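# Structure assessment
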Amino acid sequence: MKRFVLILPLLATLIGLGVVSCGSDAPATISKVKRSSSPANVAVWLKSTSSISWLPRQVSGRYDGASALDNIRQAAAGNAVKRSSYGTAPGGYVRLDPRMLRAMQSMAKEGYSFRVTSMAGASHSRTSRHYAGLAFDIDMINGRKVGRSNPYWRKFLARCREMGATETLGPGDKGHSTHIHAAWPR
Ligand SMILES: [Zn+2]
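Numbering of residues begins from 1 in every chain and follows the order in which that chain's sequence is written. Only residues with pLDDT of at least 70 get local features here, since the model is predicted, and only at 80 or more are side-chain atom pairs given and counted; chain-wide, interface and lining totals rely on the full set of residues. Computation of side-chain values: all heavy atoms of the structure, hydrogens and water removed.

The subject of this paragraph is the coordination of the zinc ion. With water omitted from the atoms examined, metal sites may look incomplete; donors here are N, O and S atoms no farther than 2.8 Å from the metal, or 3.2 Å in the case of Na, K and Ca. The protein atoms donating to the zinc ion are H130 (NE2), D137 (OD) and H181 (ND1), with metal-donor distances spanning 2.0 Å. Mapped onto the polypeptide sequence, the residues donating to the zinc ion form the spacing pattern H-x6-D-x43-H. The buried label goes to any residue with under 20% of its type's maximum accessible area, the exposed label to any with over 50%, and the partly exposed label to all in between, with areas taken from a 1.4 Å probe on protein chains only. Of the residues examined, H130 reaches a relative accessible area of 1% and is grouped as buried.

What follows is the structure, given as structure tokens:
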């Protein structure tokens, strides 16, 4: 016991000098703050994952620089993304909402594969949240077209709602027999 008491101050001194460290596995410096979750970096991840494909044109067939593929590339570059300029589409640019981007990332990480046909581009209803960068459309899930017989889209939309989507449409809703739509609040 006496010997232990003598050793204690010595040990304290050594720790103070850095000769002995408690928990030598602990990192020597404070780890850098991860910036991988910035919207642009999420977009980079989304663009490169094999779980998601991006329609390179509008569903209407147009190539106008505002396709889903164009939009994810623009977002990955850290930029606002292009809107279409036909029908009720207002033209101009908008930022994709980070909540939507992170939800897409979560769905891919949870094992879904899917094809995005539209985000800010294309012509939708006049007040569509697509124009605010808050919505996406998907026409393929897990290798199968979205439709009444696709077994995945209901759960997919339910997960989107759990991740904040407040407008979800799919087969059975007018105009959505072959694609699903998920949108986040303004
Ligand atoms: Zn939509």
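Once you've had a look at it, read on.
Another point: the nonpolar core. Here, nonpolar core means buried Ala, Val, Leu, Ile, Met, Phe, Trp, Tyr and Cys residues that are tied together by side-chain atoms lying within 4.5 Å of each other. With 37 residues, the main nonpolar core has W54, F114, V116, F136 and F156 as its most contacted residues. Looking at this core, the elements that each hand over two or more residues are α2 (39-48), β1 (52-54), α3 (68-76), α4 (98-109), β4 (114-118), β5 (135-141), α5 (153-162) and β8 (180-183). Only DSSP runs of H or I covering at least 4 residues are called helices, and only runs of E covering at least 2 are called strands; the numbering of each starts at the N terminus. Top element by residues in this core is α4. It accounts for 6 residues. In what follows, a contact means two residues having at least one pair of non-hydrogen atoms within 4.5 Å. When near neighbours in sequence (up to four residues on either side) are disregarded, F136 contacts M100, M104, V116, S118, M119, H130, F156, C160, I180, H181, A182 and W184.

What follows is about the environment of D139. Tracing the backbone through its elements, the reader meets D139 in strand β5. For D139 and V116, which are 23 residues apart along the polypeptide, the C-alpha to C-alpha distance reads 6.7 Å. Side chain to side chain, D139 and R115 meet in a polar contact 2.6 Å long. Contacts described as polar in this section are N or O atom pairs within 3.5 Å, which, within protein, must combine one atom able to donate a hydrogen with one able to accept it, while residues neighboring in sequence count only if both atoms come from side chains.

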